[in-house]
Amino acid sequence: IAGITQAPTSQILAAGRRMTLRCTQDMRHNAMYWYRQDLGLGLRLIHYSNTAGTTGKGEVPDGYSVSRANTDDFPLTLASAVPSQTSVYFCASSPGLEVDEQFFGPGTRLTVL
Amino acid sequence: GQNIDQPTEMTATEGAIVQINCTYQTSGFNGLFWYQQHAGEAPTFLSYNVLDGLEEKGRFSSFLSRSKGYSYLLLKELQMKDSASYLCAVRDNDYKLSFGAGTTVTVRA
């Protein structure tokens, strides 16, 4: 792997189902982030982690949970999906929270029906 | 929280110059970023300003005035490949980014 990857690329999900979006980076970055991008609203931070074992809430955390068991992986879980969670989800990483540049994954397009 | 405003769309001709403005109202400020995002792709980092003034990087320049809550991204010698969305983002004192809705730039031949 080179950089940051996300899976799946896209998914259609029935409301009420549980879904985990995967994110893996091989850059040994300490900080990782999850954003959702909706038309007209831009990118909004859902959750973040500044190092393995710690997580924090962003601007729109409700309905989502994350874990950071190791440096490389940062999965995002929707416990019971709702149609308002239809969005494009981007995972990002940076060497540390205070470092300037964030590197983004290719995104997951999620549709909840 | 942060309130970040930028125009929705801009159109310019190949070879021309375009300036994308961004204004912000923040509860904390620790830097302003510009990202480029081509349709269907991930955002990529363009520039970072934390002090007032102009930062130049090739055909792209970014300006910041902290007292005015204002930044702009200047794209010179426009090329067709510059057609994309440009995202203004402000970092708060907790190092979290808040993004504007983005400005879609269309470059015409």
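Throughout what follows, the structure given in this document is the object of discussion.

The rules behind each value
Residues numbered from 1 in each chain as written. Chains lettered and ligands numbered in written order. Predicted model: local features only at pLDDT ≥ 70, side-chain atom pairs only at ≥ 80, totals over all residues. Heavy atoms only, no water. Helix = DSSP H or I, 4+ residues; strand = E, 2+ residues; numbered from the N terminus. Rg over C-alpha atoms; globule rule 2.2 N^0.38 Å. Buried < 20%, exposed > 50% of the residue type's maximum accessible area, 1.4 Å probe, protein only. Contact = heavy atoms within 4.5 Å. Areas by Shrake-Rupley, 256 points an atom, 1.4 Å probe, with all protein chains shown as cover. Disulfide = S-S within 2.5 Å. Pairing = 2+ DSSP bridges. Axes fitted to C-alpha atoms, helices over the stretch in contact; angles between N-to-C directions. 1 Å grid on protein atoms, 1.4 Å probe; cavity = no way out; pocket = protein on both sides within 12 Å on 5 of 7 lines; lining within 4 Å. Points joined across faces, edges and corners; volume = space filled by probe spheres on them. Nonpolar A, V, L, I, M, F, W, Y, C, P; charged D, E, K, R; others polar. Polar contact = N/O pair within 3.5 Å; in protein donor to acceptor, adjacent residues only side chain to side chain. Buried area = accessible area lost by both parts, 1.4 Å probe. Salt bridge = Lys/Arg side-chain N within 4 Å of Asp/Glu carboxyl O.

## Remarks on the overall build of chain A
Right, so step 1: Regarding its fold elements, chain A presents zero helices and eleven strands.
Right, so step 2: The secondary structure elements of chain A, listed N-terminal to C-terminal, are β-β-β-β-β-β-β-β-β-β-β.
Right, so step 3: Taken against the 2.2 N^0.38 rule, which gives 13 Å for 113 residues, the C-alpha radius of gyration of chain A at 13 Å falls within 12% of a compact globule.
Right, so step 4: Its C-alpha atoms give chain A principal-axis dimensions of roughly 35 × 25 × 25 Å.
Right, so step 5: Burial statistics for chain A: of 113 residues in total, 50% are counted as buried.
Right, so step 6: Here the analysis covers contacts within chain A between residues at least 6 apart in sequence; of these, 55% occur between residues at least 24 apart.
Right, so step 7: Just so you have it, chain A exposes about 5200 Å², and 52% of that area is on carbon and sulfur atoms.

## Overview of the state of the cysteines
Right, so step 1: Across all of its chains, the model carries two disulfides over all chains by this definition.
Right, so step 2: Put simply, C23 of chain A and C91 of chain A are joined by a disulfide, and their sulfur atoms are 1.9 Å apart. Handedness here is read from the sign of the S-S torsion; for C23 of chain A and C91 of chain A, about -75 degrees, the answer is left-handed. Linking C23 of chain A in strand β3 (residues 19–25) with C91 of chain A in strand β9 (residues 87–94), this pair joins segments that are 68 residues apart in sequence. Each member of the pair, C23 of chain A as well as C91 of chain A, carries the same accessibility label: buried.
Right, so step 3: Two residues share a disulfide in this structure: C22 of chain B and C88 of chain B, whose sulfurs sit 2.0 Å from each other. Here the S-S torsion is close to -70 degrees, and the disulfide linking C22 of chain B with C88 of chain B is therefore left-handed. Of the two residues, C22 of chain B sits in strand β3 (residues 18–26) while C88 of chain B sits in strand β9 (residues 84–91), which places them 66 residues apart along the sequence.

## Concerning the sheet that holds strand β8 (residues 70–75) of chain B
Residue and element names in this part refer to chain B.
Right, so step 1: In spatial order, the strands read β1-β3-β8-β7-β6; together these five strands make up an open sheet with antiparallel pairing. Looking at the sheet topology across the chains shown, the edges are occupied by β1 (2–5) and β6 (53–57). Between one strand axis and the next, the sheet turns through 15 degrees on average, direction left out of account.

## Notes on the layout of surface pockets
Right, so step 1: Approximately 680 Å³ is the volume found for the largest pocket.
Right, so step 2: Taken together, 28 residues line the largest pocket, and the ones lying closest to its centre are Q37 and L39 of chain A together with Q37, G40 and S85 of chain B.
Right, so step 3: When residues of the lining of the largest pocket are assigned to their parent elements, the largest contribution, three residues, is made by β9 of chain B.
Right, so step 4: For the lining of the largest pocket, the residue count by class is nine nonpolar, 16 polar and three charged.

## Some remarks on the side chain of R36 of chain A
Residue and element names in this part refer to chain A.
Right, so step 1: Secondary-structure assignment places R36 in strand β4 (residues 31–38).
Right, so step 2: Within the structure, the side chain of R36 is placed 2.9 Å from the side chain of Y64, a separation counted as a polar contact.
Right, so step 3: Only 3.5 Å separates the side chain of R36 from the backbone oxygen of T86, close enough to count as a polar contact.
Right, so step 4: Excluding its chain neighbours within four sequence positions, the residues that come into contact with R36 are G42, L43, R44, I46, V60, Y64, S84, Q85, T86, S87, V88 and Y89.

## Some thoughts on the interface of chain A and chain B
Right, so step 1: Across the contact, 19 residues belong to chain A and 17 residues belong to chain B.
Right, so step 2: Of the roughly 1500 Å² buried where chain A meets chain B, counting both sides, 59% is carbon and sulfur surface.
Right, so step 3: Between the two partners, chain A and chain B, sit zero salt bridges.
Right, so step 4: At the junction of chain A and chain B, the tally comes to two residue pairs in polar contact (both at pLDDT 80 or more).

## Looking at the pairing of strand β11 (residues 103–108) of chain B
All names here are of chain B.
Right, so step 1: Alternating residues of β11 divide into T103, V105 and V107, all buried, and T104, T106 and R108, none buried.
Right, so step 2: Both strand β2 (residues 9–13) and β11 contribute to a ladder of five bridges, which runs parallel. Within β11, the position partnered with E9 by the bridge is T104.
Right, so step 3: Where β9 lies against β11, three bridges are found, and the strand directions are antiparallel. Counterpart to S85 in the pairing with β11 is T104.

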